[in-house]
Amino acid sequence: MVQPVPADEAAENAPVQPEALAGPGGDAAAGPVDDAELSQAVVALTDEEVTAKDRGRLLGRLVRIEIGERGLRDLFRPKKAIGWITDSVTRVAPHIPVRDLDTLRAHYPGLEGDALADRLIRNAARVTAGIGAAGGGVAAVEWVATPSLLSAPVLLAAETVAVVAVEMKLIGELHAVYGRPIPGSGTQRAFALIQAWAERRGVNPLRIGGSVAAAMGTALRKELRDRLLKRFGRNLSTMGPFLTGAAVGGFLNRRATQSLGNDIRKDLQNPPPGDQRVIEA
């Protein structure tokens, strides 16, 4: 006997109708999505305990947010996609839940120092692998249904935002493990994490002259965009036909997250002489 699909699940997985999103000329009619909706979806994807089913649903939610913000005309414009990814990462960064050392010790009893760092890197790699597998699996269906292939670039952009959020959370928690928690307000810590992710290093001195604009300057934004462009291009492999996209996407995400985590850990273990790493308010 076929079990009925719950109403909330049916709504969550309902296909996006272009005519419902597009206004005159094919652009999205809806206004910008509330940052809270974007942040909630991405933060949920960083959770180590999220199930594969929920991960797919959350990625679907990010896809709908992106289409609503970019419009259908921009689906095949790489520069527009990278712009959306960059903006989304900076909007989500202040909301990423970074656990302090006491919380990490409670969550992983008996682990300290390098052993705790190993566990965090391993778990983060598993999460990003799961995101890549979920994205690739959806893409495999897209290749069978040609009209649905329109959403493939959007899916890739949504996956990239989620993976970067997981890796920034990992960076913040590795700092806590090695006794170097990132100081400052939520916004200041967020931009410190963005800089660390873009440079693949522990947090460097970042002096904020009282404004977010001073923190997220032109040079840092360009560095972030360049790094995101590399990640976006690498993740194109998740758009492979059939199930190869899921397998390759998961493998590449796992490897990239492990590499980043190891780079950050080495930098924290061997800080430059006299390095103060202070964030000024």
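Our structure is the block above this text.
Position numbers for residues count from 1 along each chain, tracking the sequence in the order it is written. Owing to the predicted nature of the model, reporting of local features is limited to residues with pLDDT of at least 70; listing and counting of side-chain atom pairs is limited to 80 or more, with chain, interface and lining totals taken over all residues. As a convention, hydrogens and water are excluded, and side-chain values are obtained from all of the structure's heavy atoms.

> Requested: an account of helix α9 (residues 186-199), with residues and values cited.
Taking 1.5 Å of rise per residue, the 14 residues of α9 would be expected to cover 20 Å, and the 20 Å separating its terminal C-alpha atoms lies within 8% of that figure. Think of it in three bands: residues with accessible area under 20% of the maximum for their type are buried, residues over 50% are exposed, and the middle band is partly exposed, with areas taken using a 1.4 Å probe on protein chains only. Helix and strand assignments follow DSSP, with helices taken as H or I runs no shorter than four residues and strands as E runs no shorter than two, numbered in order from the N terminus. The buried fraction of α9 amounts to 10 of the 14 residues, a majority that puts the element mostly inside the structure. What α9 keeps buried is the set Q188, A190, F191, A192, L193, I194, Q195, A196, W197 and A198. Just downstream of α9 lies R200, where phi reads positive at about 55 degrees. Expected span, for any helix, means 1.5 Å times one less than how many residues it has.

> I'd like a description of the pattern of salt bridges, backed by residues and values.
What counts as a salt bridge is simple: a side-chain nitrogen of Lys or Arg found within 4 Å of a carboxyl oxygen of Asp or Glu. The tally for this structure, following the rule as stated, stands at 10 salt bridges. Here E48 ties to R99 by a salt bridge, and the two come within 3.2 Å at their closest N and O atoms. Note that E48 is positioned in the loop between α3 (35-45) and α4 (52-70) and R99 in the loop between α5 (78-92) and α6 (101-107), a separation of 51 residues in sequence. Assessed through its relative accessible area of 24%, E48 is described here as partly exposed. The residue D267 makes a salt bridge to R201 at a minimum N-O spacing of 3.6 Å. In this pair, D267 sits in helix α12 (residues 244-269) while R201 sits in the loop between α9 and β1 (206-207), placing the two residues 66 residues apart along the sequence. Taken together, the shared-partner salt bridges in this structure form one network comprising D35, E69 and R91.

> Residues and numbers for the nonpolar core, please.
Side chains of a nonpolar character, in soluble globular proteins, are inclined to be buried together. To form a nonpolar core, buried Ala, Val, Leu, Ile, Met, Phe, Trp, Tyr and Cys residues must be joined to one another through side-chain atoms within 4.5 Å. If you look at the biggest cluster of nonpolar residues, it comprises 64 residues, and the most contacted ones within it are L62, I85, L120, M168, L174 and W197. Those elements that provide at least two residues to this core are α3, α4, α5, α7 (113-144), α8 (152-177), α9, α11 (218-234) and α12. The element contributing the most residues to this core is α8, with 17 residues. Apart from the residues lying within four places of it in its own chain, the contact partners of L120 are R99, L104, Y108, L170, E173, L174 and V177. Whether two residues touch is decided by their heavy atoms; if any such pair falls within 4.5 Å, the residues are in contact.

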